[in-house]
Amino acid sequence: MSALKIVIFGVTGNQGASVARALLADGARFSVYGITRNPDSNSSKKMASAGVNLITGDLDNPATYESALMGAHGVFINANFWAHYKGNNSDEAAEAEQRQSTEAVKAAVRAKVRHVVYSTLESYLPDQPLPHFDAKAKVTEYMKKNDVPATQLYTSYFFSNLLMAQTSEKDGKTIISFPLPDDTVLPGFNVEQIGLWVRAAFRDPDTWIGKDMYASGDNITVAGIAKVLSEVSGKPFDTEHHTREEFLALKDKMDHELWLNYFAFLNGKMKRDPAESRKIVPEAQDFKAYVQSTPAIREHFGF
Ligand SMILES: NC(=O)c1ccc[n+]([C@@H]2O[C@H](COP(=O)([O-])OP(=O)(O)OC[C@H]3O[C@@H](n4cnc5c(N)ncnc54)[C@H](OP(=O)(O)O)[C@@H]3O)[C@@H](O)[C@H]2O)c1
């Protein structure tokens, strides 16, 4: 059987690079193509030397990538809300993300691609707007309404976001700065493993076309993060022990899109089932396994 051509949008990003690595690890089953705006960047060169066929294309201009989709068995689509977000333009950024992804879906349909895997998130409307989730949910809705042969891959919180968490020292402990109460659940996963779910979908289109899939590794609480870091490092970590009211008071003081995202976590809106997700990807790491296997996070937290 000849290799199945898979085209990856955002191949130099967290998600796309993981998808490329997972597909390449399958040997001759897939031939892997990746779209980037800049094939000369260091990240692009790294992907090319790993075996990705680079295509120069821009999600803002379907004509640049249209022909690259011809003959593809599968396409992985992921657009980046944050590339459009300037801190106060959530709706505009969400519209831009939705437009980019929808155009990529339409181009895949025109090219008669057999299987689209779309990196999505759910909407909590009408309860709570969350523009970068709502944009993805609208693209999913478009695909479902138009019978696009697709797998909707619902992601969750990237453990690697914690690489941005500040710390301080107090009473011999390392205090993690995070604005949510200790018992808030962060449904999360190691984004470097997302390719394992995407590969599972592309390996078995008969099972996965028309289905939802969830990428989940752990439902870790804020207190649980400190506990795991303490266990793995052998050094005491603690949280700032925020109350719900303290978080709510940050509404107009921190980045609003991020606040809305945390507010959804505070209200337990995101539901993920790591055990179900592990039936698809048995290697899916919980937070502890992620910390144990990721030098960057240990370095960030000083051990
Ligand atoms: N952080 C989280 O916890 C979390 C959780 C769930 C979902 N997400 C979602 O993840 C998405 C970001 O994904 P990521 O982390 O993989 O992104 P990333 O690492 O920031 O990479 C962005 C990728 O998008 C490509 N790109 C950006 N603009 C493009 C354009 N106009 N045309 C073509 N390619 C373009 C970039 O490619 P080049 O620069 O090479 O062109 C790059 O490969 C966001 O929409 C976010 O909402 C995040």
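About the cut-offs
Residues numbered from 1 in each chain as written. Predicted model: local features only at pLDDT ≥ 70, side-chain atom pairs only at ≥ 80, totals over all residues. Heavy atoms only, no water. UniProt positions renumbered as here; feature names shortened; annotations may be inferred. 1 Å grid on protein atoms, 1.4 Å probe; cavity = no way out; pocket = protein on both sides within 12 Å on 5 of 7 lines; lining within 4 Å. Points joined across faces, edges and corners; volume = space filled by probe spheres on them. Helix = DSSP H or I, 4+ residues; strand = E, 2+ residues; numbered from the N terminus. Nonpolar A, V, L, I, M, F, W, Y, C, P; charged D, E, K, R; others polar. Near = heavy atom within 4 Å. Polar contact = N/O pair within 3.5 Å; in protein donor to acceptor, adjacent residues only side chain to side chain. Areas by Shrake-Rupley, 256 points an atom, 1.4 Å probe, with all protein chains shown as cover. Sits in = over half its atoms within 2 Å of the grid points. Buried < 20%, exposed > 50% of the residue type's maximum accessible area, 1.4 Å probe, protein only. Pairing = 2+ DSSP bridges. Right-handed = clockwise from strand over helix to strand, strands pointing away. Salt bridge = Lys/Arg side-chain N within 4 Å of Asp/Glu carboxyl O.

Going by an unreviewed UniProt entry, the protein chain carries the name NmrA-like domain-containing protein and comes from Apiotrichum porosum. What UniProt records for the protein chain under Sequence similarities (unreviewed entry) is the sentence "Belongs to the NmrA-type oxidoreductase family."

Student: Even after reading the chapter, I still don't get the layout of surface pockets, so can you show me in this structure?
Tutor: The probe, sized like a water molecule, is rolled over the atoms to show the empty space still left. Looking at the largest pocket, its volume works out to about 1300 Å³. Elements that contribute at least two residues to the lining of the largest pocket include exactly α1 (14-24), β2 (30-36), α4 (131-145), β7 (157-158) and α9 (256-266). Residue classes in the lining of the largest pocket are distributed as 21 nonpolar, 20 polar and four charged.

Student: Would you take a moment to explain the site of the ligand for this structure?
Tutor: In the vicinity of the ligand lie 27 residues, with T12, T36, R37, L59 and N161 positioned nearest. Within the side chain of T36, an N or O atom sits 2.6 Å from an oxygen atom of the ligand. F158 has a polar backbone atom sitting 2.9 Å from an oxygen atom of the ligand. Considered on its own, the ligand offers 940 Å² of accessible surface; in the complex 84% of this is hidden by protein. The site holding the ligand turns out to be the largest pocket. Put simply, the parts of the chain that give the shell around the ligand at least two residues each are α1, α3 (90-110), α4 and β7. Looking at side-chain class alone, the shell around the ligand contains eight nonpolar, 14 polar and five charged residues.

Student: Quick question: what am I supposed to make of the pairing of strand β6 (residues 150-154) here?
Tutor: Counted residue by residue, β6 has five buried out of five residues, so it is predominantly covered. Going residue by residue along β6, you find A150, Q152 and Y154 tucked away on one face and T151 and L153 tucked away on the opposite face as well. Relative to β6, strand β5 (residues 115-120) is paired through five bridges, and the arrangement is parallel. Across the sheet, the residue bridging to Y118 is Q152, located in β6. Running through α4, the crossover from β5 to the neighbouring parallel element β6 is right-handed. Sheet topology note: the β6/strand β11 (residues 212-214) ladder contains three bridges and is parallel. Among the inter-strand pairings, Y154 is bridged to a residue of β11, identified as Y214.

Student: Is there a simple way to explain the sheet that holds strand β9 (residues 173-176) in this structure?
Tutor: The pairing of strands in a sheet happens through backbone hydrogen bonds and is either parallel or antiparallel. If you trace the three strands from one edge of the open sheet to the other, you get β8-β9-β13, paired in mixed fashion. A single partner strand is all that each edge strand has here, and the edge strands are β8 (167-170) and β13 (237-238). Relative to β13, β9 runs parallel, the two sharing two bridges. Paired with T174 across the strands is F237, a residue of β13.

Student: Is there a simple way to think about the pattern of salt bridges in this case?
Tutor: Charged atoms that come close allow side chains of opposite charge to pair. One pass over the structure, following the stated rule, counts 13 salt bridges. The shortest N-O distance in the salt bridge between R272 and E122 comes to 2.8 Å. Highlighted residues: R272 in the loop between α9 and α10 (274-280) and E122 in the loop between β5 and α4, separated in sequence by 150 residues. As far as the burial class goes, R272 and E122 line up, both buried. With its nearest N and O atoms 3.0 Å apart, the salt bridge here joins D212 to K144. Placement of the pair is D212 in strand β11 and K144 in helix α4, with a sequence separation of 68 residues.

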